[in-house]
Amino acid sequence: MGVRKRQSAEARKQAKAAKATATLRNCPTSPRKMRLVADIIRGQKVEKALFILRNTGKHAARDLEKALLNAINSWQQKNEGANVDEAGLFVSKITVSCGPTLKRIQPAPQGRAHRIRKRSNHVFIELGTLSTPSNA
């Protein structure tokens, strides 16, 4: 392996170690309801995001909390011996996309039928580290 190739591979490896991801797939909550909670924690530090999710009354907050804890655990496995509190982890990216929709039929008056759509979603969380701690 050449010198430049090795240096770029090391740079990619360090950048990858600084980030941790987690995905939550086929969560049986509508994407719109999940996005309401995801928008609250986007850009927040991990400790504050966990506090917000634990004290939010929405049902989607429980699923997001599990995904966030999974991302934190992923970061700890990549960076053994490092402390989460000192690393300055924050939610750098969180996206909620539509999952499969189950279509059901609800009987309606006069022989009609209404369609019920049971929506689901996929959540992607990426944690980043603050390169320099803020003194403000």
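Above this text sits the structure in question.
All residue numbers refer to position in the chain's written sequence, counted from 1. Per-residue local features are limited, in this predicted model, to residues with pLDDT of at least 70; the limit for side-chain atom pairs, both in listing and counting, is 80 or more; totals at the level of whole chains, interfaces and linings are taken over all residues. Here the side-chain values reflect all heavy atoms present in the structure, with hydrogen atoms and water set aside.

J.: Whenever I open this one, helix α2 (residues 31-41) confuses me. Can you help?
T.: Residues spaced three or four apart along an α-helix point in a common direction, a consequence of the helix completing one turn every 3.6 residues. Throughout this description, buried means an accessible area under 20% of the type-specific maximum (1.4 Å probe, protein chains only), exposed means over 50%, and partly exposed covers the range between. To qualify as a helix, a DSSP run of H or I must reach at least 4 residues; to qualify as a strand, a run of E must reach at least 2; elements of each kind are numbered from the N terminus. If you check which residues of α2 are buried, you get Pro 31, Met 34, Val 37, Ala 38 and Ile 41. Taken down its axis, α2 places every buried residue within 130 degrees of arc, on the same side. Opposite the packed face of α2, turned more than 90 degrees from it, sit the exposed residues Arg 32 and Lys 33. Buried residues along α2 sit against β1 (20-27), α3 (46-54), α4 (60-78), β2 (89-98) and β5 (121-129). Phi for Gly 43, located one or two positions after α2, is positive at around 85 degrees. The arc under discussion is defined with respect to the helix axis, by the directions toward the C-beta atoms. By definition in these notes, contact holds between two residues if any of their heavy atoms fall within 4.5 Å.

J.: I'm lost on the packing of α2 against α4 in this one. Help?
T.: To characterise two packed helices, one gives the angle between the axes of the helices and the distance between these axes. The interhelical angle for the contact between α2 and α4, taken along N-to-C directions, is 60 degrees, at an axis separation of 9 Å. In terms of orientation, α2 and α4 fall into the oblique class. Seen along the crossing, α2 lies across α4 with a hand that is right-handed. Judged by residue contacts, Lys 33, Met 34, Val 37 and Ala 38 of α2 engage Ala 60, Ala 61, Asp 63 and Leu 64 from α4. Axes, fitted as lines to C-alpha atoms, cover a helix only where it is in contact. Angles between the N-to-C directions of the axes lie from 0 to 180 degrees. By definition in this entry, angles of less than 35 degrees are roughly parallel, angles greater than 145 are roughly antiparallel, angles of 65 to 115 are roughly perpendicular, and the rest are oblique. We call a crossing left-handed when the near helix sits turned anticlockwise from the far one by less than a right angle, and right-handed when that turn is clockwise.

These figures come from the coordinates and say nothing about function on their own.
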